[in-house]
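Fold and geometry: a report
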Amino acid sequence: EDEKTYSREIKIECELEREEFYYYEQSELKCKIKNEGNTFLDGLNVCFEGKCAKTDLGISQEKEFNYTLDKPVAGKQESLFKAENLDVSKAEYIRYTVLDAPKIAIKNIEAPKDAEYNDNFKVEFLLSKESISVPENVKIKLLHNNFEQEWELEGLSENRKTAVNMKGKELRKGANELKIFVEYEDGNGKKYETEEKFAIELVNVTLVQNILLVFNQ
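First, a word on what this report is: a plain description of the structure on this page. Predicted model only: the values in this text are computed from it and were never measured.

Moving on, we come to the sheet that holds strand 3 (residues 27-35). Ordered in space as 1-3-6, the three strands form an open sheet in which the pairing is antiparallel. Strands with a single pairing partner mark the edges of an open sheet, and in this sheet they are strand 1 (10-16) and strand 6 (62-69). Each adjacent strand pair in this sheet contributes to an overall mean axis angle of 15 degrees, direction not counted. In this sheet, strand 3 lies alongside strand 1 in antiparallel orientation, the contact comprising seven bridges.

Looking at the element boundaries, Glu-148 is found in strand 13 (residues 147-155). With relative accessibility at 48%, the residue Glu-148 sits in the partly exposed group. Sequence spacing of Glu-148 and Lys-179 is 31 residues, and the spatial spacing of their C-alpha atoms is 9.8 Å. In contact with Glu-148, other than residues within four places in its own chain, are Lys-141, Leu-142 and Leu-143.

With phi around 50 degrees, Glu-49 is a residue other than glycine that occupies positive phi space. Take Glu-49: it is sitting in the loop between strand 4 (41-48) and strand 5 (51-57).

As a further point, take the side chain of Glu-25. Structurally, Glu-25 is set in the loop between strand 2 (20-22) and strand 3. The class of Glu-25 is buried, set by a relative accessible area of 15%. At 3.1 Å, the side chain of Glu-25 and the side chain of Arg-18 are in polar contact. A polar atom in the side chain of Glu-25 sits 2.8 Å from the backbone nitrogen of Tyr-22. Once residues lying within four places of it in the same chain are set aside, the contact partners of Glu-25 are Arg-18, Leu-69, Asp-70 and Asn-188.

Taken together, Asp-114, Glu-116, Asp-119 and Glu-201 make up a surface patch of like negative charges. Note that Asp-119 resides in the loop between strand 10 (114-115) and strand 11 (120-129).

Another aspect to go through is the sheet that holds strand 12 (residues 136-144). Two orientations exist for strands paired in a sheet by backbone hydrogen bonds: parallel and antiparallel. Ordered in space as 10-16-15-12-13, the five strands form an open sheet in which the pairing is mixed. Among the strands making up the open sheet, the edge pair consists of strand 10 and strand 13.

Here we come to the nonpolar core. Grouped together as the largest cluster of nonpolar side chains are 26 residues, with contacts concentrated most on Leu-127 and Val-182. For this core, the elements supplying multiple residues, two or more each, are strand 9 (104-110), strand 11, strand 12, strand 14 (160-167), strand 15 (174-185) and strand 16 (191-202). In this structure Val-182 touches Ile-104, Ile-106, Leu-127, Val-138, Lys-139, Ile-140, Tyr-192, Glu-193 and Thr-194, once residues within four positions along its chain are discounted. Counting 22 residues, the second largest nonpolar core, distinct from the first, contains Ile-10, Phe-21, Leu-41 and Phe-48.

Rules used throughout
Residues numbered from 1 in each chain as written. Predicted model: local features only at pLDDT ≥ 70, side-chain atom pairs only at ≥ 80, totals over all residues. Heavy atoms only, no water. Pairing = 2+ DSSP bridges. Helix = DSSP H or I, 4+ residues; strand = E, 2+ residues; numbered from the N terminus. Axes fitted to C-alpha atoms, helices over the stretch in contact; angles between N-to-C directions. Buried < 20%, exposed > 50% of the residue type's maximum accessible area, 1.4 Å probe, protein only. Contact = heavy atoms within 4.5 Å. Polar contact = N/O pair within 3.5 Å; in protein donor to acceptor, adjacent residues only side chain to side chain. Patch = residues over 30% accessible without salt bridge, like charges linked within 9 Å, V, L, I, M, F, W, Y side chains within 5 Å. Areas by Shrake-Rupley, 256 points an atom, 1.4 Å probe, with all protein chains shown as cover. Salt bridge = Lys/Arg side-chain N within 4 Å of Asp/Glu carboxyl O. Lys, Arg positive; Asp, Glu negative; His and termini not counted. Charge placed at Lys NZ, Arg CZ, Asp CG, Glu CD. Core = buried A, V, L, I, M, F, W, Y, C linked by side-chain atoms within 4.5 Å.

Remember that the coordinates give geometry; whether it matters functionally is a separate question.
What follows is the structure, given as structure tokens:
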């Protein structure tokens, strides 16, 4: 009589709800284990990220295990799902990316400290992408006195230098506080904003120019 050969084999199939999600979100993980051998498997230790459960698997039997991924730390991540006993061991790596909050910083503002009424000049600054995730629906505003200039970007995937043309006649006599205001969103429409201020002084204003500047007050 032929001697029967015993085989111990486990099949693992894991399915992650989302392979990319924000730090404030969760992603559901579903893992199935199946006994594909021809012998009963008892005392299987099934573990994921320190959470373990004991189970048995009959021949051809399949069981499902569910977990919630909740990760506050951003970046590419890897977690291990494992099923083992004294006779068999099988594991699968779960890979995913946790996105941080999008962040834009306004840096390197370049503008003249003073200007005259007839001057044309530029205000330059850097929109710096400070996050792994891409800021979306970016709205940039330059606010000064009663004037407002606004433009939009679909997204900020890398640092971007920006220049705005201005005229001295748009300012007030004396000190002027200007503000760069940036609004943006993450992929879920959650809103964020940042701003920076700087000053330009309008100098050497003539009597006629001073009258014209009344409208800028």
